[in-house]
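Each chain, letter by letter, is given below.
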Amino acid sequence: MGAGLGREHCRRCALPLSRQPNLKGHDRNVIQTFTFYLFATIVIASGALTILSRNPVHSVLWLILAFFNAAGLMLILGAEFIAMLLVIVYVGAVAVLFLFVVMMLDVDFAEMRAGFARYAGFGALMAVVLLAEMIFAVAAWNAGGVSVASKAAPVDPSVPNIEALGTVLFTRYLYIFEAAGLVLLVAMIGAIVLTHRTRSGLRPQNPSEQNRRRPEEATRNMNPGIGQGVEL
Amino acid sequence: MTEWFQGQLGYGFGWFVSTLILILMIALPLMLAVAMIIYADRKIWAAMALRRGPNVVGPFGLLQSFADGLKVFLKETIIPSSANRGLFLLAPIITFTIALIAWAVIPFGPDMVLADINVGLLYILAASSLGVYGVIIAGWASNSKYPFYSALRAAAQMVSYEVSIGFVLITVILWAGTFNLQGIIAMQKSHVFFLNGFGFNPLLFPMAVIFLISAMAETARAPFDLTEAESELVAGYQTEYSSMSFALFWLGEYGNVLLMCALNATLFWGGWLPPIDWAPLYVVPGIIWLFAKIFIFFFIFSWVKATVPRFRYDQLMRLGWKIFLPFALLWVAIVSGYLMITRYGALA
Amino acid sequence: MAPQAAEYLPILLFLGVALALSAAFVALPMIASRFTGSHKPYADKLAEYECGFPAFEDSRSQFDVRFYLVAILFIIFDLEAAFLFPWAVSLGAIGIAGWTAMMIFLAELTLGYVYAWKKGALEWE
């Protein structure tokens, strides 16, 4: 709709590659700056509110908002797949579990607040460690005076980044990918071992057994005489 | 259109205005369509029960939905005193917003799509995975028993069927080799037999069936409407709602049903392509073909609602986890294996 | 901004329009009801619905652990699907090795699935 259709086509599908709205140079920069600060501000604000809100359900909802805007930041970078995955996996699945836990847990808030002082020291220590790690990471990133442009992986704009990712993940990082599969397997078994309880006295439906059942096994033809009952 | 506005109003602002108009051209007809589809649903349902259905307001009762809307609009919004006010009002907003935004990537014609993004199908999956929030938040914020139980059921039901929908979508992506919805439609042109464009793909057909049924479960339509099973849960998560906030859940639900019908048409039945690859049929605009297909699928939804009794919760979970999931998983292996041999020349 | 990102601007705008529309739908009737006089709250009307009884207990009770289990299994299968997405579009480029790797991955997960089935974790009595 109104988008300038380019001539060159994707090598895999029948789509033109240059499907961009008619935006250029200056406008794009203004919008980029605006959306970046919009998303970044909301991420930081909702992150802070996640920690500060007293109701844990509100905390999770703020966290969800933070995830969302982080996805928005990913989009600005052009990492479409990561952005969508962030929404599908974190917002659509992980946060649902969080919500389940905090909504349905009978949490005693007074007790939780009493625990704050006890864990404050430990929490502060963790915060310092995290901060130090971040500083080291940034320092390592900046070491050697290499420009950002050359550090970034070369990106071929004609290949959607999900395809590029797949190509790398399933060739170069194949073993790591298989290891991820094992981790998932362990997670699955662990979750079942930890949470599954078999309950007795239940009569679950067994459809295949029901379907196998024939009238001959379940019914009997009786022809009782007058005045006589039926022996069961 | 964009160019014209940009000529009149300058570059950025012209783009903004034209995009805004395009958005309203999707959102407003969509709401109209939802109103009409509610009417159609009631009519179809009534006809199958040998009743007349709505027939008083307007010719053939066509204006029934608008009368309902007006009535609901003028009602009082009741917020229970024990509810969390903010979240209580936020829930219908979330439901309706999510029902709307997924339409941004649905192609209505060869170049009629608002945002032709690379990962269109993932975007729709992301949007539909958010649908559960409106329900959970509504159920929790109401601070009432029935909505709470309903929200629990709805959440478990929606996530269970989302798993199979995810795997079904993967078979479609395997076939098309792209996430872009226009690309997926384009791939259906080159097809098996003479039925080009109709998109009948014997390999993907079982997935189309699973998708249709899962879509009913995902949108909590009958026979999977356990979230609002009136005999046990009153009106489910909507129990405490009134006025337009209540109506927004309805609009959202039907919006999602329409979206699922549109997806079914787009992913498996050629979207805006005509049913047969025959030149005269291309004279009819693609949007008409798409709407016709959407309506056919909506009729199936209605038909099922009118004829199939409600599932029990354990049956619902078994269907999702023990039948659809392994079947879809197996189909991913089959489709990818078939493509490895035929298209990517694994054995050559 | 990356070129792909520009395609998402209409979506951002759409999100804004959709939010505004639905917020208006919630807010306008509340305002309208003040003028039409339908806004008449009183304690009984605002009580939560419990078949005419006053509420017996707090509605936010604990519930069955199976709901957590369903959510956890969902996360795991969702992650599995997340790996399948890039695989599905790059199948041509990664060839038979990539395909086999994914089949092994799926077999691992199927093992977990069979375990869940045998343990009765997928049962819902």
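Residues numbered from 1 in each chain as written. Chains lettered and ligands numbered in written order. Predicted model: local features only at pLDDT ≥ 70, side-chain atom pairs only at ≥ 80, totals over all residues. Heavy atoms only, no water.

1. Digging into the overall build of chain A
Here is step 1 of the chain: Tallying secondary structure elements over chain A gives nine helices and zero strands in all.
Here is step 2 of the chain: Sequence-ordered secondary structure for chain A, helices as α and strands as β, is α-α-α-α-α-α-α-α-α.
Here is step 3 of the chain: Sorting the 232 residues of chain A into buried and exposed places 31% on the buried side.
Here is step 4 of the chain: Approximately 15,400 Å² of chain A is accessible, and the part contributed by carbon and sulfur atoms is 67%. (Helix = DSSP H or I, 4+ residues; strand = E, 2+ residues; numbered from the N terminus. Buried < 20%, exposed > 50% of the residue type's maximum accessible area, 1.4 Å probe, protein only. Areas by Shrake-Rupley, 256 points an atom, 1.4 Å probe, with all protein chains shown as cover.)

2. Observations concerning the overall build of chain B
Here is step 1 of the chain: Along the backbone of chain B there are 12 helices and zero strands.
Here is step 2 of the chain: Start at the N end of chain B and walk to the C end: the helices and strands fall as α-α-α-α-α-α-α-α-α-α-α-α.
Here is step 3 of the chain: Taking 20 Å as the expected radius of gyration for a compact globule of 348 residues, we find that chain B reaches 21 Å, a close match to that expectation.
Here is step 4 of the chain: The long-range share in chain B, meaning contacts at least 24 apart out of those at least 6 apart in sequence, stands at 75%.
Here is step 5 of the chain: Only carbon and sulfur atoms are counted for the fraction: they give 73% of the accessible area of chain B, which is about 12,100 Å².
Here is step 6 of the chain: Taking the 18 positively charged and 16 negatively charged side chains of chain B as two groups, their mean positions are separated by 8 Å. (Rg over C-alpha atoms; globule rule 2.2 N^0.38 Å. Contact = heavy atoms within 4.5 Å. Lys, Arg positive; Asp, Glu negative; His and termini not counted. Charge placed at Lys NZ, Arg CZ, Asp CG, Glu CD.)

3. Section: the interface of chain B and chain C
Here is step 1 of the chain: In this assembly, 84 residues from chain B lie in contact with 67 residues from chain C.
Here is step 2 of the chain: Of the roughly 6,600 Å² buried at the junction of chain B and chain C (both faces included), carbon and sulfur atoms supply 76%.
Here is step 3 of the chain: For the pair chain B and chain C, the number of links is zero salt bridges.
Here is step 4 of the chain: Linking chain B with chain C are three residue pairs in polar contact (both at pLDDT 80 or more).
Here is step 5 of the chain: Take the side of chain B that touches chain C: its biggest share by element is 16 residues, from helix 6 (residues 145-176) of chain B.
Here is step 6 of the chain: Considering only residue class, the side of chain B that touches chain C consists of 57 nonpolar, 18 polar and nine charged. (Buried area = accessible area lost by both parts, 1.4 Å probe. Salt bridge = Lys/Arg side-chain N within 4 Å of Asp/Glu carboxyl O. Polar contact = N/O pair within 3.5 Å; in protein donor to acceptor, adjacent residues only side chain to side chain. Nonpolar A, V, L, I, M, F, W, Y, C, P; charged D, E, K, R; others polar.)

4. Considerations on the confidence of the model for chain A
Here is step 1 of the chain: For chain A, per-residue confidence averages 76 on the pLDDT scale, and residues scoring 70 or more make up 74% of the total.
Here is step 2 of the chain: Element-level mean pLDDT values for chain A span from 58 in helix 5 (residues 148-151) of chain A up to 88 in helix 2 (residues 56-76) of chain A. (pLDDT = per-residue confidence, 0-100.)

5. Things to note about the layout of surface pockets
Here is step 1 of the chain: What the largest pocket holds in volume is close to 1,500 Å³.
Here is step 2 of the chain: Considering the residues around the largest pocket, the lining is formed by 48 residues, among which F68 and N69 of chain A together with L12, L15 and L19 of chain C are closest to the centre.
Here is step 3 of the chain: When contributions to the lining of the largest pocket are tallied by element, the ones reaching two or more residues are helix 1 (25-52), helix 2 and helix 3 (80-104) of chain A, helix 2 (11-48), helix 4 (85-101) and helix 5 (120-141) of chain B together with helix 1 (9-36) of chain C.
Here is step 4 of the chain: Ranked by the residues each element gives to the lining of the largest pocket, the list is headed by helix 2 of chain A, at 11 residues.
Here is step 5 of the chain: Tallied by class, the residues present in the lining of the largest pocket amount to 40 nonpolar, seven polar and one charged. (1 Å grid on protein atoms, 1.4 Å probe; cavity = no way out; pocket = protein on both sides within 12 Å on 5 of 7 lines; lining within 4 Å. Points joined across faces, edges and corners; volume = space filled by probe spheres on them.)

6. Description of the environment of Y39 of chain B
Residues and elements named next belong to chain B.
Here is step 1 of the chain: In this fold, Y39 is placed in helix 2.
Here is step 2 of the chain: Its relative accessible area of 10% is what places Y39 among the buried residues.
Here is step 3 of the chain: With 51 residues separating them in the primary sequence, Y39 and L90 have C-alpha atoms 27 Å apart.

7. A short note on the side chain of K322 of chain B
Here is step 1 of the chain: Counting through the fold element by element, K322 of chain B comes out in helix 12 (residues 313-342).
Here is step 2 of the chain: When residues no more than four places from it in sequence are discounted, the contact partners of K322 of chain B are M317 of chain B together with Y113, W117, L122 and E123 of chain C.

8. Re the pattern of salt bridges
Residues and elements named next belong to chain B.
Here is step 1 of the chain: Applying the stated criterion across every chain yields a total of five salt bridges over all chains.
Here is step 2 of the chain: The closest approach of N and O atoms between R221 and D41, which form a salt bridge, is 3.1 Å. Taken together, the residues span a long stretch of sequence, with R221 in the loop between helix 8 (205-218) and helix 9 (230-233) and D41 in helix 2 at a distance of 180 residues.
Here is step 3 of the chain: Using a relative accessible area of 2% as the deciding quantity, one classes R221 as buried.
Here is step 4 of the chain: Residues joined by salt bridges that share partners form a network here, namely D41, R221 and K305.

9. Section: the packing of aromatic side chains
Describing an aromatic ring pair means giving the distance of the ring centres and the angle of the ring planes.
Here is step 1 of the chain: With the rule as written, the count across this model stands at 27 aromatic pairs over all chains.
Here is step 2 of the chain: Centre to centre, the rings of F77 of chain C and Y113 of chain C are 6.1 Å apart; their planes meet at 85°, and the pair counts as edge-to-face. Placement of F77 of chain C in helix 3 (residues 66-89) and of Y113 of chain C in helix 4 (residues 91-119) is noted, with a sequence separation of 36 residues between them. Y113 of chain C matches F77 of chain C in its accessibility class, with the two residues each being buried.
Here is step 3 of the chain: Members of the aromatic cluster, each reached through a chain of ring pairs, are F167 and W321 of chain B together with F77, Y113 and W117 of chain C.
Here is step 4 of the chain: Taking the ring centre of W45 of chain B as reference, the NZ or CZ of K305 of chain B above it sits at 4.3 Å. (Phe/Tyr/Trp six-rings, centres within 6.5 Å; stacked < 30°, edge-to-face > 60°. Lys NZ or Arg CZ within 6 Å of the ring centre and 35° of its normal.)

10. Focus: empty space enclosed by the protein
Residue and element names in this part refer to chain B.
Here is step 1 of the chain: Under the defined criterion, the tally for this structure stands at seven cavities of 30 Å³ or more.
Here is step 2 of the chain: For the largest cavity, the calculated volume is near 300 Å³.
Here is step 3 of the chain: If you go around the largest cavity, you meet 23 residues; those closest to its centre are G131, M158, E218, T219 and N256.
Here is step 4 of the chain: Counting only elements with at least two residues in the lining of the largest cavity, the list comes to helix 4, helix 5, helix 6 and helix 10 (243-268).

11. Topic: the packing of helix 10 of chain B against helix 1 of chain C
Here is step 1 of the chain: Remark: helix 10 of chain B packs on helix 1 of chain C, axes separated minimally by 7 Å, with the N-to-C direction vectors making an angle of 150°. Overall, the two elements helix 10 of chain B and helix 1 of chain C adopt an arrangement that is roughly antiparallel. Residues S243, M244, S245 and L248 of chain B of helix 10 of chain B pack against S22, F25, V26 and P29 of chain C of helix 1 of chain C.
Here is step 2 of the chain: Broken down by class, the residue content of the contact of helix 10 of chain B with helix 1 of chain C amounts to five nonpolar, three polar and no charged. (Axes fitted to C-alpha atoms, helices over the stretch in contact; angles between N-to-C directions. Parallel < 35°, antiparallel > 145°, perpendicular 65-115°, else oblique.)

12. Some words on the nonpolar core
Here is step 1 of the chain: L122, Y133, F167, L267 and F268 of chain B together with F85 and W87 of chain C are the most contacted members of the largest nonpolar core, which has 200 residues in total.
Here is step 2 of the chain: Discounting chain neighbours no more than four positions away, the residues touching L122 of chain B are F81, M84, I88 and I162 of chain A, F179 of chain B together with F85 of chain C. (Core = buried A, V, L, I, M, F, W, Y, C linked by side-chain atoms within 4.5 Å.)

13. Remarks on the environment of T219 of chain A
Residues and elements named next belong to chain A.
Here is step 1 of the chain: Inspection of the secondary structure assignment puts T219 in the segment after helix 9 (215-218).
Here is step 2 of the chain: By relative accessible area, which is 53% here, T219 ends up exposed.
Here is step 3 of the chain: Each C-alpha atom, one on T219 and one on V43, is 67 Å from the other, the two residues being 176 residues apart in sequence.

14. Describing helix 6 of chain B
Here is step 1 of the chain: Its 32 residues give helix 6 of chain B an end-to-end C-alpha distance of 46 Å, which sits within 8% of 46 Å, the value for a rise of 1.5 Å per residue.
Here is step 2 of the chain: Counting buried positions along helix 6 of chain B gives 31 out of 32 residues, so the element sits mostly inside the fold. (Expected span 1.5 Å × (residues − 1).)

15. Observations concerning the side chain of D41 of chain B
Residues and elements named next belong to chain B.
Here is step 1 of the chain: A relative accessible area of 1% places D41 in the buried class.
Here is step 2 of the chain: Only 3.3 Å separates the side chain of D41 from the side chain of K305, close enough to count as a polar contact.
Here is step 3 of the chain: If we ignore the near neighbours within four places in the chain, the residues touching D41 are R221, Y254, F298, S302 and K305.

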